[in-house]
Amino acid sequence: MKVFTPDPCTPYRLCSFSSSRSCKLDGAKEVLVDVGIAAARGGVNFSEYLDYVRRIWQKARAELYIVVPDVFSDWKKTYQNYLRYARELRRFGRVVYVTQEFVLPQDVDADVVALPGRQQGPYRCSLHPLHCAYRIRWFLDEIYDWRAPVHLLGPAKRELIFLRTWGTLQRIASLDTTAHHLRPSESASKISGGKYMAESGY
């Protein structure tokens, strides 16, 4: 499974438009360009996002996976954005469609289908991991036609444990995380002098 992170701890890099305009591209083989949850909630200026994508495309010696601007908990507006922007974004790489509310219109021909793993409607997945994991499993078992590889957006650790236990995780091609610096346990934190964050992604 590919794991995209903001730091060069893997060859798969995450660049988020809303959280940071800088992006560490050295050594990257593939780059996921995301609008970020803040922009999905508050809206994104597409011309600014397109400029951001273009700058990464010019600098990166890597294949780009570009999230079409999605609208948090609104599949209709997300779909409208796809119809409006996907063709232009595809000039720079493969396009990624986010299934807000787990709705995937039949005519979406994205290169990757992304599922929300950080927040689903009012449910924050770090606090409700079973709920979030169950909805992902339900979508993959009952709804999805496997037209493209599946990416999981920012899943919580306990959410992944449920998905692995059910055998669902092996069906997911990639995920992204900004929690890769977190110590895996309290004992690991004690070894590092009580710190819960690692100093680097290596």
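Scroll up to find the structure this text is about.
It should be emphasised that the depicted structure is a prediction, and the values quoted were computed from it without experimental measurement. (Residues numbered from 1 in each chain as written. Predicted model: local features only at pLDDT ≥ 70, side-chain atom pairs only at ≥ 80, totals over all residues. Heavy atoms only, no water.)

**Q** Just checking my understanding: could you explain the state of the cysteines for this structure?
**A** In total, this model carries 2 disulfides according to the counting rule given. Covalent S-S linkage joins Cys15 and Cys23, the inter-sulfur distance amounting to 1.5 Å. Disulfide pairing places Cys125 opposite Cys132 at an S-S distance of 2.2 Å. Residues Cys125 and Cys132 are joined through a disulfide that is left-handed, its torsion about the S-S bond being -85 degrees. (Disulfide = S-S within 2.5 Å.)

**Q** When you look at the sheet that holds strand β2 (residues 12–16) in this model, what are you seeing that I'm missing?
**A** Strand pairing in a sheet takes place through backbone hydrogen bonds and is either antiparallel or parallel in direction. In space, the 8 strands of this open sheet follow the order β1-β10-β9-β6-β5-β4-β3-β2, with parallel pairing throughout. The open sheet has two edge strands with one neighbour each: β1 (2–4) and β2. Pairs of neighbouring strands in the sheet enclose a mean axial angle of 25 degrees, with direction left out of account. As paired strands, strand β3 (residues 30–34) and strand β4 (residues 63–67) are joined by 4 bridges and run parallel to one another. Looking at the pairing, Val33 lines up with Ile66 of β4. The sheet strands contacting helix α3 (residues 75–89) are β4 and β5 (94–98), and the helix crosses β5 at an angle near 175 degrees. (Pairing = 2+ DSSP bridges. Helix = DSSP H or I, 4+ residues; strand = E, 2+ residues; numbered from the N terminus. Axes fitted to C-alpha atoms, helices over the stretch in contact; angles between N-to-C directions. Contact = heavy atoms within 4.5 Å.)

**Q** Looking at this structure, I do not really get the pattern of salt bridges. What am I missing?
**A** Working definition: two side chains of opposite charge can pair if their charged atoms are close together. Throughout the structure, instances matching the rule amount to 9 salt bridges. Of the charged contacts in the structure, one is a salt bridge between Glu30 and Lys2, with a shortest N-O distance of 2.9 Å. Within this pair, whereas Glu30 is found in strand β3, its partner Lys2 is found in strand β1, the two being separated by 28 residues in sequence. Glu88 serves as the salt-bridge partner of Arg91, at 3.8 Å between the closest nitrogen and oxygen. The class of Arg91 is exposed, set by a relative accessible area of 53%. A residue is classified by how much of its surface remains accessible, and Glu88, at 31% relative accessible area, is partly exposed. Ionic contacts of the salt-bridge type, sharing partners, join the residues Arg90, Asp109 and Asp111 into one network. (Salt bridge = Lys/Arg side-chain N within 4 Å of Asp/Glu carboxyl O. Buried < 20%, exposed > 50% of the residue type's maximum accessible area, 1.4 Å probe, protein only.)

**Q** What is the right way to read α3 from this model?
**A** Note that an α-helix has 3.6 residues per turn; residues three or four places apart therefore point the same way. At Leu83, α3 is bent by approximately 40 degrees, the largest bend along its length. Taken together, the buried positions of α3 are Thr78, Tyr79, Asn81, Tyr82, Tyr85, Ala86 and Leu89. Looking at the buried residues of α3, the elements they touch are α2 (46–59), β4 and β5. Between the side-chain oxygen of the N-cap and the backbone nitrogen of Lys76 there are 3.2 Å, and the N-cap of α3 in question is Asp74. (Bend = angle between axes of the 7 residues up to and from the residue. Polar contact = N/O pair within 3.5 Å; in protein donor to acceptor, adjacent residues only side chain to side chain.)

**Q** Looking at this model, I keep getting lost on the packing of helix α4 (residues 129–143) against helix α5 (residues 157–166). Mind explaining?
**A** When two helices pack together, their arrangement is captured by the angle between the axes and the distance separating the axes. Closest axis-to-axis distance for the α4/α5 pair is 8 Å, and the angle between their directions is 45 degrees. The angle between α4 and α5 falls in the class oblique. You can see that α4 and α5 cross each other, and the crossing is right-handed. Facing α4, whose interface residues are Pro129, Leu130, Cys132, Ala133, Tyr134, Ile136 and Arg137, α5 presents Arg158, Glu159, Phe162, Leu163 and Trp166. Among the residues forming the contact of α4 with α5, the class breakdown is 9 nonpolar, no polar and 3 charged. (Parallel < 35°, antiparallel > 145°, perpendicular 65-115°, else oblique. Left-handed = near helix turned anticlockwise from the far one by under 90°. Nonpolar A, V, L, I, M, F, W, Y, C, P; charged D, E, K, R; others polar.)

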